[in-house]
Amino acid sequence: MNSANLINLAYIAAAILFILGLKMLGRQATARKGNALSAVGMLLAIVVTLLDHHVVSYTWIVAGLIAGTAIGVVCARAVKMTSMPEMVALLNGFGGLASLLVGWAEYGKIRAYGWDAYLAEFSGNPVFTGLVIFLTILIGGITFTGSVYAFAKLAGLVSGKPVRWAGQHTMNIAMLMVMAAAGVLFALTGSPQLALVAFTAFLVLSLILGWTFVMPIGGGDMPVVISLLNSLSGLAAAAAGFVIANNVLIVAGCLVGTSGVILTLIMCKAMNRTLVNVLFSGFGADAGGGSTEGAFQGELKPISPEDTFAVLEAARQVVFIPGYGMAVSQAQHVVRELAELLEQNGAEVRFAIHPVAGRMPGHMNVLLAEASVPYEQLVEMDSINPLMPQMDVAVVIGANDVVNPAAASDKSSPIYGMPIIKAHEARTCICLKRGKGTGFSGLENQLFLMPNTRMLYGDAKGTLQGVVAEFKALAAS
Amino acid sequence: MDLILLLFIFTLAAFLGFELIAKVPSQLHTPLMSGSNAISGITIVGAIIAAGVDDNSWLTTVLGTAAVVLATINVVGGYLVTDRMLGMFKKKDSGKETK
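Residue numbers run consecutively from 1 along every chain, following the written order of its sequence. To read the labels, note that chains go from A and ligands from 1, taken in the order they are written. Selection of residues for local features in this predicted model requires a pLDDT of at least 70, selection of side-chain atom pairs for listing and counting requires 80 or more, and totals for whole chains, interfaces and linings are taken over all residues. Only hydrogens and water are removed before side-chain values are computed, so all heavy atoms of the structure are retained for them.

Chemist: Quick question: what am I supposed to make of a nonpolar patch on the surface here?
Modeler: Taken together, A:Leu9, A:Ile12, A:Ile16 and A:Leu20 make up a surface patch of nonpolar side chains, about 360 Å² in accessible area. Categorising residues by exposure relies on relative accessible area from a 1.4 Å probe, with only protein chains included: less than 20% of the type maximum marks a residue as buried, more than 50% marks it as exposed, and the intermediate range marks it as partly exposed. A:Ile16 sits in the partly exposed class, given a relative accessible area of 45%. Like-charged residues are merged into a patch within 9 Å and nonpolar side chains (Val, Leu, Ile, Met, Phe, Trp, Tyr) within 5 Å, provided each residue has over 30% relative accessible area and no salt bridge. The protein chains shown are the only cover counted for residues, whose accessible areas, like all others here, come from Shrake-Rupley with a 1.4 Å probe. What makes a salt bridge here is a side-chain nitrogen of Lys or Arg within 4 Å of a carboxyl oxygen of Asp or Glu, nothing more.

Take a look at the structure:
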């Protein structure tokens, strides 16, 4: 058996490991093993690729592998759980850029060999290879700068607010059309000079487009953007697979691409919006939007940590509803401490998780898991809502739009139709909030004005520590 | 390799991907995303070939090496961080030992 066959057999084995790994990642009991299995598949693919007969020099490969491993290990160890959305965005960006560079290097190879020698040495069809090089650069470039911009937004390096200007979408579409034209020219032209010009054009434009495409999308829509970029990073790898005619890249990249698409659609559904609406509406840019504010009157009723303690102490059924604010104030550990004290006090405690709470899919689950909240206590939106009227107290921790009753009742509200956790149906609702401002959507939250709602102002971590202290004082006395 | 065959593989993989992920509980969305993110680092295979090929062009080597570094960060960082997250998901019994 020659080495090419051996390599391809190993790629099949790697693909099987990826598929099994992904399947096992979908269930709690097997998830960790599944991740390890997929890592073994990756190792196998890397090792056999070193045997490829085109690979003649190992110096730079080994140097690159060592440097990348060192950086990867440090990042993975050092990152805080609250910073996980940034981390995922950044890793996505690196994957996208790597695919872009693979496409670029292949073009470099074609220029170095000349088409005839290239086609004799590698397989392919000039038009097809040209088109997929274009696609790799296009998708990889958008993934890279889009992810970097998302990272900057999430890390607070740039404002999380949507950045919009007139003609923004027209400009993006114009760029896309110029790139498509350049791509076709690149694939069809016989002139190396013209090809180089076209290549440079779509390389530069793809990097600009990734940036301008994420700009108008607000911080609260990040779960959609992150999963979409994840999908794109897979598709970029698949496109690179077409460039170098490599099965394992196509299969693995495509699996990631489709899984990302599914997550993206789940996130859109959880907001009752279409993907087009999320990407192009610049939601929250038109702050206020409250033509109906006169229709709903009420006042904000503050509550102290001491009174919060009194309410919770008497409660038998308590549900916590966390949002991005919990991540910002790093309150997950003190929340868990409070939950345990409530359980010792005889209450039943649940955590209600909205699918788009936080800045990436599953963000709240990760934070609560970090604080050792057992996952049986985490309840999905559809399971908790029927139980809501039986809840004595609902504690909303830094969540806003996902508990806004206007989504269900106010047809003029921009978030009308979005499924919410019905915190307002609990007997008492305590909302933890940093200050009196509106959330990312710029909407006044009707929940805060309802008669059974009390506002606990201040940093969630600090105020909850106050409540916990009251419980401990009670236990000590 | 036959181009049609590559497209065929791509199509089948797309359907397989949809089937695999369709019913994942929302708790596992983040690990699923970062785990699949690590798989997208498979582009490292292309990067290795680009970095190791001998076409007498320094450009290919530079681009290939940079791609190897980035893809390795993606792969190593992605798998490790996913494992770290999954290690924190605990059942009720094991979660109580801190008490």
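Chemist: Explanation requested: the side chain of A:Thr145 in the structure shown.
Modeler: Residue and element names in this part refer to chain A. When you line up the elements, Thr-145 lands in helix 6 (residues 126-154). Reaching out from Thr-145, the side chain makes a polar contact with the backbone nitrogen of Trp-211 at a distance of 3.4 Å. Whether two residues are in contact is decided by their heavy atoms, any of which lying within 4.5 Å being enough. Each residue touching Thr-145, except ones within four places of it in the same chain, is listed here: Ser-206, Leu-207, Gly-210 and Trp-211. Per the convention used, a helix needs a DSSP run of H or I reaching at least four residues, while a strand needs a run of E reaching at least two, with both numbered from the N terminus. Pairs of N or O atoms within 3.5 Å make up the polar contacts considered here, provided that, within protein, one atom can donate a hydrogen while the other can accept it, and that residues adjacent in sequence are counted only when both atoms are side-chain atoms.

Chemist: Please explain the domain arrangement of chain A as it appears in this structure.
Modeler: One widely used convention gives an interface's size as the accessible area the parts lose upon coming together. Residue and element names in this part refer to chain A. Per the domain assignment, the segments making up chain A are domain 1 (1-78), domain 2 (90-280) and domain 3 (293-476). Between domain 1 and domain 2, the residue contacts involve nine residues of the former and eight residues of the latter. The quantity reported as buried area is the accessible area (1.4 Å probe) lost by two parts once they are put together, taken as the sum for both. For the domain 1 and domain 2 pair, buried surface summed over both sides reaches about 680 Å², with 79% attributable to carbon and sulfur atoms. Summed over the shared surface of domain 1 and domain 2, the number is zero salt bridges. Counting across the interface, domain 1 meets domain 2 through zero residue pairs in polar contact (both at pLDDT 80 or more). Taken together, the residues of the side of domain 1 that touches domain 2 break down into six nonpolar, three polar and no charged. By convention here, the domain bounds are inherited from an automatic or database domain assignment. Amino acids outside the nonpolar list (Ala, Val, Leu, Ile, Met, Phe, Trp, Tyr, Cys, Pro) and the charged list (Asp, Glu, Lys, Arg) are all regarded as polar, and Gly is one of them.

Chemist: I keep staring at helix 4 (residues 84-113) of chain A and nothing clicks. Help me out?
Modeler: Turn by turn, an α-helix covers 3.6 residues, leaving residues three or four places apart pointing in a common direction. Residues and elements named next belong to chain A. In this analysis, the expected span of each helix is defined as 1.5 Å times one less than the number of residues it contains. Taking 1.5 Å of rise per residue, 30 residues should cover 44 Å, and helix 4 covers 43 Å from first to last C-alpha, within 8% of that figure. Buried residues dominate helix 4, accounting for 25 of its 30 residues. Looking one or two residues beyond helix 4, the residue adopting positive phi is Gly-114, at roughly 85°.

Chemist: What should I look at first to understand the pattern of salt bridges in this one?
Modeler: Oppositely charged side chains are able to pair whenever their charged atoms sit close together. Residue and element names in this part refer to chain A. Inspection of every chain in the model, using the stated rule, returns eight salt bridges over all chains. Ionic pairing is found between Asp-221 and Arg-273, a salt bridge with its closest N-O pair at 3.0 Å. In this pair, Asp-221 sits in the loop between helix 8 (192-214) and helix 9 (222-243) while Arg-273 sits in the loop between helix 10 (247-270) and helix 11 (275-280), placing the two residues 52 residues apart along the sequence. Arg-350 is the partner of Glu-348 in a salt bridge, and the nearest nitrogen-oxygen pair spans 2.9 Å. With relative accessibility at 39%, the residue Glu-348 sits in the partly exposed group.

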